[in-house]
Amino acid sequence: MSQPILKAEGLKRHYELKGGMFSSDATVRALDGASFELTPGRTLAVVGESGCGKSTLARVVTMIEPPTEGTLTIEGRKIEPDSVAKDPDLRAKVQIVFQDPYGSLNPRQTIGKTLMEPLKINRPDVSAKEREQRARDMLQMVGLRPEHFERYPHMFSGGQRQRVAVARALMLDPKILVLDEPVSALDLSIQSQILNLLVELQDRLDLAYLFVSHDLSVVRHFCDDLLVMYLGKPVEQGPKDEVFDAPRHPYTKALLSATPQADPRRKRQRIKLQGELPSPMNVPPGCPFNPRCWKATEECRTVVPQLEGGDHRFACFHPLEPGEVPEPKTAEAV
Amino acid sequence: MALLEIRNLSVDFKTAGGKFRAVDNVDVAVDKGDLMAIVGESGSGKSVSMLAVMGLLPWTATVTADVMRFDGQDLLKMPARKRRQIIGRDISMIFQEPMSSLNPCFTVGFQIKEALKSHLGLDRKQRHARAIELLEQVGIPAPEKRLSAFPHQLSGGMSQRMMIAMALACKPKLLIADEPTTALDVTIQAQILELLTDLQKNTGMALILITHDMGVVAETVDRVAVQYAGRRVEEQNVVDLFDDPHHPYTAALLAALPERAHNRLLPTIKGVVPGQFDKIDGCVFAPRCQFADARCRAVPPKPAGKELGDALCHYPLIKGQPQNKEMSA
């Protein structure tokens, strides 16, 4: 297997909120310590519910925002807050595709212009003629037709727009592609087309993907490794099959059991979690999951568990044993 | 007798580009205590057909139907005033975006009691008691306190519970849930779906779930109607539908589910859903169908019969194999 191209260690991103007249200042720990590696040709999926910091993670990796703490190393080079300003080529290495293909394309630019824009800004030495040629080649690579070059975004369907967004992200030959919920705005029949496109591109260009999603069935199909987040903290990470088949953290187990499976015969025991997600502004002390966890003890309420283990790591004092069924009484109570 | 019976429902919208048929000859039959789903992608007319039942479509829409009957009463011939008494009381609906379906200017208590007042004529005390009872029923802790909360003080899951409480206020016979969990997280989605099915069981009301999520369908309902481009292409009970879909669209849709995939590449449905200006003579799915032939492109198909899930197809599938094909070829 090839060497990792990106290493993240203890990435944190906190936001300071100014208090109003009646409230004190607060810190939102949107991302609180994530470590992982991205390898060419492989996909790391980040899953979790809203407010778990998965999109913040995507933004930090794309260098849209600097991490508050922790280090990001790309191709052996440590990223400083001013690295991007000093070396614009760095930004070209990591590109992002956003969730909403309706909002992420400029409605006043033709597709061709949209595709040529990154080259114009970052590769001023490329001639206009070559720029156009590269954009046209890219259009073909993502499965669009040559006549689409002159058209505007409103003339496209959601799936086609997402193809354009992928094409634009690839114009600068990035090594890493961050996919922030790339298919969740698309219909099922279109979703599979885009997922296939992403698989083909990965094989062809040896890209490393960071795939942010909340849809576990897509993730299971698409990724190699999995990082499960809850309220800014990674709670479990490891190879996909190990995490899916034998989740150790109770939250992962609950998340998996809550995900609807398209199989009407399978009557599974669904773990009903108590209560709702706490606000990221007000993360409970100790393990962030303890108020909703059926295994929580005094220790969980006071001490923050750390990620431990080898390939398959989890942050829990009372990990689930393989095959363990949650006690129905406590798990069923709402 | 069916609780809700609709035959040949069509909805046309007046648009700048001419008439657009959003729902085309759809039949719906729901019995008392039924638990069914309408699935389809965007533009399949699944929401519009139910909004037509509710009478909630804008003036640009023209609704036509041969029969539209609810609980023995003809909804088509009924005066508007009478219809309004049924809508919201015997048939109620909850929507996808709980946050935007609640009025931000009023407390949720006020909004729940409003239905009780206009439909049931309860006095103030009774309304208050009933509202608390409803919030308890949908699993909201400290209901008395929550009644005076404003929508912005509630989370998404909480707002959806409020919407459900409001819909249940008058003990409806039929509840239509239009993508009730699409805007919610999976762990909250599980809670809400469980709540809806429990209520359906305990109160004996019929529930129509409109969704695009095959996973939700498989785990929640008994019967499924599949819509595509404004037409109902198939209707079966849920186990049979997932085992042996009879319409090529359903089959292709199920095959495209990532969890059913065997390879790294998923089977896809080529092309896109037809739009307003795509003129299609034959079967609406023919341009994307892998089994389509000249007959499919020229002649609109008829429902294939009960045992084949009324599949709207010339060559309905049995175990993935198109039928009758040799004879006509």
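Residues numbered from 1 in each chain as written. Chains lettered and ligands numbered in written order. Predicted model: local features only at pLDDT ≥ 70, side-chain atom pairs only at ≥ 80, totals over all residues. Heavy atoms only, no water.

Of regular secondary structure, chain B possesses 13 helices and 13 strands. Judged by the C-alpha coordinates and their principal axes, chain B covers about 70 × 50 × 40 Å. Residues classed as buried in chain B amount to 55% of the 329 residues present. Here the contacts in chain B between residues at least 6 apart in sequence split such that 62% fall between residues at least 24 apart. When the accessible surface of chain B is split by element, carbon and sulfur atoms take 52% of a total near 14700 Å². Computed over 39 positive and 37 negative side-chain charges, the separation of the two mean positions in chain B equals 7 Å. (Helix = DSSP H or I, 4+ residues; strand = E, 2+ residues; numbered from the N terminus. Buried < 20%, exposed > 50% of the residue type's maximum accessible area, 1.4 Å probe, protein only. Contact = heavy atoms within 4.5 Å. Areas by Shrake-Rupley, 256 points an atom, 1.4 Å probe, with all protein chains shown as cover. Lys, Arg positive; Asp, Glu negative; His and termini not counted. Charge placed at Lys NZ, Arg CZ, Asp CG, Glu CD.)

Our focus in this paragraph is the sheet that holds strand S1 (residues 6–17) of chain A. All names here are of chain A. A sheet is described by the order of its strands in space; here four strands give the open sequence S2-S1-S4-S5, paired in antiparallel fashion. Two strands bound the open sheet, and with one partner strand each, they are strand S2 (26–38) and strand S5 (77–78). In this sheet, strand S4 (residues 69–74) lies alongside S1 in antiparallel orientation, the contact comprising five bridges. Bridging across to S4, Lys12 finds its partner in Glu69. With respect to the sheet, helix H1 (residues 54–61) is in contact with S1, S2 and S4, its orientation differing from that of S2 by roughly 65°. (Pairing = 2+ DSSP bridges. Axes fitted to C-alpha atoms, helices over the stretch in contact; angles between N-to-C directions.)

Sites flagged by UniProt as "domain: ABC transporter" (unreviewed entry) map to residues 6–256 of chain A. End C-alpha to end C-alpha, residues 6–256 of chain A measures 28 Å, and it is 38% helix and 26% strand. (UniProt positions renumbered as here; feature names shortened; annotations may be inferred.)

Here we take up the interface of chain A and chain B. On the side of chain B, 40 residues touch chain A, which itself brings 38 residues to the contact. Of the roughly 3500 Å² buried at the junction of chain A and chain B (both faces included), carbon and sulfur atoms supply 52%. Between chain A and chain B we count two salt bridges in total. Residue Asp243 of chain B is joined to Arg265 of chain A by a salt bridge in which the shortest nitrogen-to-oxygen separation is 2.1 Å. Taken together, the links from chain A to chain B amount to 17 residue pairs in polar contact (both at pLDDT 80 or more). Sorting the residues of the side of chain A that touches chain B by element identifies helix H7 (188–205), helix H8 (216–222) and helix H10 (250–258) of chain A as the ones contributing at least two each. (Buried area = accessible area lost by both parts, 1.4 Å probe. Salt bridge = Lys/Arg side-chain N within 4 Å of Asp/Glu carboxyl O. Polar contact = N/O pair within 3.5 Å; in protein donor to acceptor, adjacent residues only side chain to side chain.)

Phi is positive for Met63 of chain A, close to 65°, though the residue is something other than glycine. Positionally, Met63 of chain A belongs in the loop between H1 and S4. When its relative accessible area of 8% is taken as the criterion, Met63 of chain A is described as buried. The backbone of Glu179 of chain B sits at a positive phi, close to 45°, despite the residue not being glycine. As for its placement among the helices and strands, Glu179 of chain B is situated in the loop between strand S8 (174–178) and helix H8 (186–203).

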